[in-house]
Every structure is written in structure tokens, then in C-alpha cells.
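# Structural description and commentary
The chain contents come next:
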Amino acid sequence: MRISSSPSFIFRPRFTIPFTSRSRFSSAAITAAIPTEYDPSPFLSAAHPVLPSEVHRILQSTSHIEPPLETLAPRLSRHVITSVLLARPLHPESVRASFLFYAWASRRRCLRSLESHDAMVSIVVRGGSLAFDSAWRVLEETRARGVRVSAPAFNVLVSARARSGSVEETIGWFSRMAEFGIRPTAFTYNTVLRLLIDKRAVPIAVSVFERMIESSDCRPQISTFNILIDGFCKAERFDLAVSMFDEMSKWGLKPGTVTYNTVLRGLCLANQIDSARSLVQTMISNGCDPDNYTWSTLLSGYCRSDRIDEALELLRLLRLQRFELGPFNYSCVIDRLFKKGWFDEALMLYKAVLEIDNVVPDCVLYNVVIKWFSKAGRMVEAFGFFNEMVGRGLVPDVFSYNALIEGLCQVGSLENAYKIFRELPNRRIVPDLTTYTILIHGFCTVGLIGRALELFEELQKRGYTPSVVTYGTLVEGLCKTGRLEDAHFLYRKIEMKGNSPPLSVDKHVKLLCDLGEFIKAYELLRDLDKGRGVAPNILLYNILIAGLCWERKSSEALKLFDQLQIRGLSPDAVTYGTLIDGLQDVGRFEDALGVFEQMVRNGCAPNLKLYIIITKTLCRMHRVLQAIALWLDYISQRSSLSDWEDEAIASLRRDYEMGSIKDVVVGLLDLDRERGNVDCLPYIIWLIGFCHVGRNEEALMIFDVLTMRGIDVTPAGCVWLVKNLCREGKLDSAMRVMLFALKKCFVLVESVGNLLINRLCKRNRRQEALYLVQKMSISGYDMDKYLSKSNKDHLCCDGA
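Just so we're clear, the structure is a prediction, and the values are computed from it rather than from any experiment.

Attention now goes to the overall build of the chain. A count of helical and extended segments in the chain gives 45 helices and zero strands. The 800 residues of the chain split such that 48% are buried. Working note: accessible area of the chain is about 39800 Å², and carbon and sulfur atoms make up 53% of it.

Have a look at this one:
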């Protein structure tokens, strides 16, 4: 489908079609609409039209109804056929006579009508299997007499099966048409396709459509494409919907407003707003005028995609063109403005709707305004709009009251909310499940769990089935008030009734972990699949593993990690990351590394955070070179690497294998700078790691490379370098690092500065020591408190 991408809408000049009280169409239009095969002469020339009672006498008096019907045929009309069928009783013999009568009439084009078809379908459906059998026997007897069975007669059985909702039986009857030498009509195909689309049987629908277009004597109609496009959109197969739209032009069919609107709705549901916008332009340029549904759909699409500026612009243009807009068109835009927190803008538009556009607001528009003021806790304004709605003669519905009750609960006015709730029956409003859930949540929030439970019992007595949200709210309230056994009992009660709301279980397990009840949480998780066929999902395991790691119970976390794999679940990135982090926190570096290696083997891609964690782990294990190799693996797996980057990484691997660490570090920094994303953290980790293993030369090399490129080394890196360089006697390098730290205003621990000053003094480099003291003092260090007593003595001996 070729869609224009012009940046602005094209509005065609509006025109008005005058309507009169007598007719919307001219006589010429009516004449043009009559099919060429339709012959109106029997009805126009019949001086004595047949009465339905005459046909009833024939159907009741004899089993051979066709001869007497033939004598009446010139004076029969479509209306009579339908009237007779609608008045027929439902006993088996009557059904047989009715179908025989319909089959006879359907062989004459002038007596066919959609009304009589629907009447006969209704008879067969209401008559059940006996009616199907009677109709089938009529078809077989007709064929046995050598009389042609008409497609409309067979269509009744196909339509009746389709109305019963059975895909298998409908396809079966559809396939049997070939046994009678009947070729399906477009009406037949449309009936079958509509059922398949309703049942989301998309592959079968495509197959039936392909059979239709392969047929030489049956062309798809616009209605056929509308059915398919609408169904594909509902099934979220927007690719097929657009393909059907393109297919129409191949058959010389010009899409109408209904077709465009169907595709437009699908594109908006798929969040393909740019394509939807361009489709409207294509619609206009092809001479098809958008209607109210078109603009409503596009406005809703803009709002749903949070493209509020474009929605407002479209609304402005529609108002300028004086396009007839209703409350719904404004409701979706005003709702989105409120959702973004733009209350002033929403109110301005609301006032413009009433005062400038003279649109009469409906309950939906008022409910939007009341809902958002209630959510914001602005109850005075919410009640103001509520009273305004009542003053206009509109009757508030349960949604109006639910908004007010929720707002009162949020501001802590529970008693007023409860009072409104109890007054609803007096206002002829039946509280729904949402009303109860709002109040239950309100009472649970303030710890009034007893009143929440009373409401919970009441809603069940009223015949409501508690939703996942209702159960989750109550379970959470029980857990927060420490009634863990009651919460567990409630969940068990839910399961006994055949429900298994995973949301409630997740909250329950999480809350048990938050309360430190890890054993109970583990038991709940363990019991889920005992005799119930309900297996815990990976989310539940992740919650509990995180709780165990938080409590530093790494052994239990590892057991749970092994258990979930035994039960056939695959750990995800969250599972691996949580466990590795937890193991590292308790110093179990080898176990953490083992879990990481398993993660890589299982094809679960670690993220940057996890690579940093493992890099730290390897450095703490004195395996710095392995940490650098791991980082090379990470950057080689980044997406959208160019050819030169691939070659550069391969070259760095060769440098690494030859032990040229400096070249590796320099090359990695160059790669990062080319991508515009330099992260100094891995380099600092390597620096500290080299310090850990006493490889101070490599650590100092990393420091020099980073500082030369203007990348700051962290205070921790400076501390490690100064300490190690002092112990090696490399005081010049230590002094250089210390002065860098002072220039960056780092505040280093006392032991570092004192160690360097002490070593300088012992090497008779007191002037440099004094210079360092002066620099530290200028940088804000309190040297009276900072310097150790021995260093003070050293400096004083020199006359300081």
C-alpha cells in the first residue's frame, strides 16, 4: 500500500448535502441501485397480490407444495416470502415445509431477499439438530428428483452453522456444496470468512480467501475485504490488513470510507500513527471524504500514542473547517491533557467546547473531568463538575460515583466515601466490582482490614467474582498488617475455587520477603505446583532469590537457582544478575564467576552492569588479565559494529595475546572515543586490580593513559597508586599522582598523604614534603589534624 508522507493534512472544501423529510436519495439513484437481474414487473403488474394466509394453507394442506406454489408465483413478492417464514411454528414437520418453501422461492431471483434468508436461518438455528436434519433431507430429496439446488438454499445451512459458532461444522457444510454442484457465492464466502475472523482463525481465513480468488466465477466484493481487514486488525495482524487493502486495487475495487476507516483503526491500534495520518491524506486525495469516525479514530490514535500536540493541531483544524464534532472527539483529547498533568489546558479546551463550539457535554466528558480532579485530590472541583452535570439534566452513572469515591479515599476521607457508597441504591445506582475494590483498597491502606474484609464478603454475596486486583489488594493489606496466615489462607481459598491470579502470588511472595519471612515465602513457592498443576513462574523465583541475597543467604539462593532449572524454568538476565551480585557481596567470587560462565553458555546475554560486576570479581581474585579479556568479549558483542571496529578489536586481541597491555588500553579508549561513549569504570577497576597484585607499572600506565586523554581517575584509584608506589620507592610517580588528586580536589584518607610525606622525609626530600604540605593546605586539608606526630617531627627538625 502506497501511503503519502506529506507533513500536513490536506483539507478538501466542505460541501453540504441537503436532506428533506421525504427522502435522502433521488429516484434516479434508486433506479441505479436496482440490480440488472432484478425484474420488478411481477410486483408492479400484479392486480391481485398473494396474501400470506394463502401460502400457509398450501404449506399445511399438502406435502407436494411446489405445484400449487407455481400457480401463485407470478403474484408472490419478497415481502410475502419473509412474512410466511416469520410466522411459521418450530415443530419438525413445519421446519421441513418452511425450508422446502424457501428452497423453492430461492430458485427465483425476484423472490430472493436478505430478510427471508435471515428468517430461514433463525428457524433452523432455533430448531436445533432436528431442524438441520430436516433441511438436509430436503436438499437430498431435491437433488434426487433432478431439481437444481440453489446456492441461497445451501447458504442457509452454512449461515446457520456459522451462527452457532462452530468453525469445523461450518467449514464442513461449506465444503459439501461441491457435492451438489453448487458454486459458493460471494455471500457464502463472506459468511464463512466472518466466522473465521470472529474466531481468530486467521490462517484458515487466508486459505478460504485464496480459494475464493482462484474461483473463476466468484469475485471478492468490497464487503469481503472489509470483513478481512477488520478481522486482521482485531487479531493484530496489521501486515495482512494492509496487504488486503493493496489487494483491492488488483480487483478494480475502490475502497470506501468503511474500508479506509477499518485500516485506519488497525494502524492506530498498532501505534503506527504516521502511517495512519498518511492514510487519511491518501483517502482525501482519492476522493473519499473522511467522516466523523475517521477523525475520531485519528484523534484517539494521537492521544493513545501521547502525541498530544498533533491531536490539538488536528482538533484546531477540524474546528476551523467547522467539522461537526461531538463530545467524544473532545473527551479523548481532554483526557490525555489531564493525564499529562496539564489541568489548565484541559479546562481551557473544556470551556471552549461549551462556550465557543456549543457542544452539549455528555456523561463521558463529565466523567473524564471528574475522574482526573478526583485522582489529583481536588475534590471541591470534582464535586463542582458533578453538580454541573446533574444541573444539565444528565444522570450520573456508576463511573461518576466511582471517581468520587476513589478521590475521597485518596485524600483520606474514607467515611464520606463509604457514605456515598451506601447511598447509591437510593439513587438507583448498583455498585459494581470496581466500587468495592476501590473501598477495599482504601480501608487496607489505612490498616482497617476488618472493614475491608466485610466489604469483600458483601461483594461475593452480591454475586460478584473478585478480580485479580481485588484479591491482590486484600492479600497485600493482610500482609502489611502482619496477618500473614490469613493472607496465605485467602490465597489457598482462591485456588480451591479454581482461580490462580499470579499477581496476587507475586505480591504475597514479595511481601513475605520484605517482612523477612523467607521460609514462609519459600514454602508458598514450593507448594504452588503440589497437586494443583500450577507451576511457579520465573518472576516468583527472582523475587525470592533477591530476598535471600539481600539477607546474605547465598547458599539458599543457589539451591533455589538449581531448583528452578530442575523444574524446567530458564533463568533470565534478572535471575543471573541478582545471584551473581549476591554471591560477590559475600565474597564467593568463584561461585559468582561460575554462574556468569553458565549464563554465557546458555545464551543469555549479560548487560554492561553485569560485566562490570564480574570485572570487579576477577580483579579481586587477582585475575586482572582475564578481566581485560572479558571486556574485549563484551565490546565485540555490541550491536552495529562497523568493519573497521571489528578489525580494531581483532588487532587488540593480538596485542593482548602478546602481552602489550598498554596498546590494548590505548586501543580500547580510542574505540570508546570514536563511539562517543567513554566509560572510565572498567579502566579504574583494572588499575586497582593491578595494584592488588603488585603490578604497579601497569597500574601507573593506565593512570597516565587516562589522564593524558583528560579522563579523571577516581579517588580510590589514586589512593591505591600512591600507597603502592611509595612502598616500591617510586616517590616521583607517587608525588605526581598525589598532586593530580589535589588538583581535582579529592579528599584522600590520612594514611596516604602521611605515607608519602614520611617517605619523602626519610629520603631527605623535606623540601618536596613541605611543598606537598603547602599544596594540601591550599586544597583545604587541615594539616594540624591531618599530619601524624612523626611527620610533624620530621618537618619541624628541618625548621618548618
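Still to come is the rest of the account.
This part covers helix H42 (residues 750-762). If you check H42, its first and last C-alpha atoms are 18 Å apart, about what 13 residues at 1.5 Å a residue would give, namely 18 Å. Taken together, the buried positions of H42 are occupied by Val752, Gly753, Asn754, Leu755, Leu756, Ile757, Asn758, Leu760 and Cys761. Residue asparagine 764 follows H42 closely and has a positive phi angle near 60°.

Under the definition given, this model contains 16 aromatic pairs. Measuring from ring centre to ring centre gives 5.4 Å for phenylalanine 386 and tyrosine 401, while their planes differ by 65°; the resulting arrangement is edge-to-face. Pair noted here: phenylalanine 386 is in helix H21 (residues 379-391) and tyrosine 401 is in helix H22 (residues 398-410), with a separation of 15 residues, a long-range link. On the numbers, 6.1 Å between centres and 55° between planes, the contact of tyrosine 436 with tyrosine 464 is tilted. In this pair, tyrosine 436 is assigned in helix H24 (residues 433-445) and tyrosine 464 in the loop between helix H25 (449-461) and helix H26 (468-480), connecting sequence segments 28 residues apart. Residue classification places tyrosine 464 among the partly exposed positions, given a relative accessible area of 24%. Taken together, Phe338, Phe343, Tyr350, Tyr366, Phe373 and Phe385 form an aromatic cluster joined through their ring pairs. The ring of tryptophan 342 carries lysine 340 above its face, with NZ or CZ at 5.0 Å from the centroid. Note that lysine 375 overlies the ring of tryptophan 372, its terminal NZ or CZ placed 6.0 Å from the centroid.

All right, on to the confidence of the model for the chain then. Per-residue pLDDT for the chain has a mean of 77; in total, 85% of the residues score no lower than 70. In the model, residues 500-504 has pLDDT below 50 throughout and makes ten contacts with residues more than four positions away in sequence or in other chains.

When charged atoms on two side chains of opposite charge get close, those side chains can pair. Scanning the model with the defined rule gives 21 salt bridges in all. Each of the salt bridges in this network shares a partner with another, and the network as a whole consists of Asp274, Arg307 and Glu310.

Closest axis-to-axis distance for the H21/H22 pair is 10 Å, and the angle between their directions is 165°. Compared by their axis directions, H21 and H22 come out roughly antiparallel. The handedness of the crossing between H21 and H22 is left-handed. The segment H21 lies against H22, with Met379, Ala382, Phe383, Phe386 and Met389 engaging Ser400, Tyr401, Leu404, Gly407 and Leu408.

One non-glycine residue, arginine 428, lies in the positive phi region at around 60°. Relative to the elements of secondary structure, arginine 428 occurs in the loop between helix H23 (414-423) and H24. Positive phi, normally seen in glycine, also occurs at histidine 622, with a value near 65°. Relative to the elements of secondary structure, histidine 622 occurs in the loop between helix H34 (608-620) and helix H35 (624-636).

With that out of the way, let us pick up the side chain of asparagine 724. Within the secondary structure layout, asparagine 724 lies in helix H40 (residues 715-728). The contacts of asparagine 724, once residues within four sequence positions are left out, are Cys691 and Asn696.

Below, the discussion takes up the environment of aspartate 217. Among the structural elements, aspartate 217 can be located in the loop between helix H11 (202-214) and helix H12 (222-234). Taking C-alpha positions, aspartate 217 is 9.2 Å from proline 184, a pair spaced 33 residues apart along the chain.

Another aspect to go through is the side chain of threonine 294. Inspection of the secondary structure puts threonine 294 in helix H16 (residues 292-304). Taking relative accessible area as the criterion, threonine 294 reaches 0% and is therefore assigned buried. At a separation of 2.8 Å, a polar atom in the side chain of threonine 294 contacts the side chain of aspartate 291. Not counting the four nearest positions on each side in its chain, threonine 294 is found in contact with Thr257, Asn261, Leu264, Val280 and Met283.

Attention now goes to the nonpolar core. Among the nonpolar cores identified, the biggest contains 158 residues, and Phe101, Leu139, Phe154, Ile229, Val333, Ile334 and Phe338 are the most heavily contacted of them. Ranked by residues supplied to this core, first place goes to helix H7 (residues 114-144) with eleven residues. Among residues more than four places away in sequence, those in contact with valine 333 are Leu299, Cys303, Ile308, Leu312, Leu315 and Leu349. Residues Ile612, Ile628, Leu725 and Cys726 belong to the second largest nonpolar core, which totals 95 residues.

On to the packing of helix H41 (residues 731-743) against H42, then. Here H41 crosses H42 at 145°, and the two axes come no closer than 11 Å. Between H41 and H42 lies a crossing whose hand is left-handed. Along its contact with H41, which presents Leu731, Ala734, Met735 and Met738, the element H42 presents Val752, Gly753, Leu756, Arg759 and Leu760.

Turning our attention to the environment of leucine 424. Within the secondary structure layout, leucine 424 lies in the loop between H23 and H24. Linking leucine 424 and tyrosine 401, residues 23 residues apart in sequence, is a C-alpha distance of 8.3 Å. In this structure, leucine 424 is in contact with Tyr401, Ile429, Pro431 and Thr435, ignoring residues within four places of it in sequence.

About the thresholds
Residues numbered from 1 in each chain as written. Predicted model: local features only at pLDDT ≥ 70, side-chain atom pairs only at ≥ 80, totals over all residues. Heavy atoms only, no water. Helix = DSSP H or I, 4+ residues; strand = E, 2+ residues; numbered from the N terminus. Buried < 20%, exposed > 50% of the residue type's maximum accessible area, 1.4 Å probe, protein only. Areas by Shrake-Rupley, 256 points an atom, 1.4 Å probe, with all protein chains shown as cover. Expected span 1.5 Å × (residues − 1). Phe/Tyr/Trp six-rings, centres within 6.5 Å; stacked < 30°, edge-to-face > 60°. Lys NZ or Arg CZ within 6 Å of the ring centre and 35° of its normal. pLDDT = per-residue confidence, 0-100. Contact = heavy atoms within 4.5 Å. Salt bridge = Lys/Arg side-chain N within 4 Å of Asp/Glu carboxyl O. Axes fitted to C-alpha atoms, helices over the stretch in contact; angles between N-to-C directions. Parallel < 35°, antiparallel > 145°, perpendicular 65-115°, else oblique. Left-handed = near helix turned anticlockwise from the far one by under 90°. Polar contact = N/O pair within 3.5 Å; in protein donor to acceptor, adjacent residues only side chain to side chain. Core = buried A, V, L, I, M, F, W, Y, C linked by side-chain atoms within 4.5 Å.

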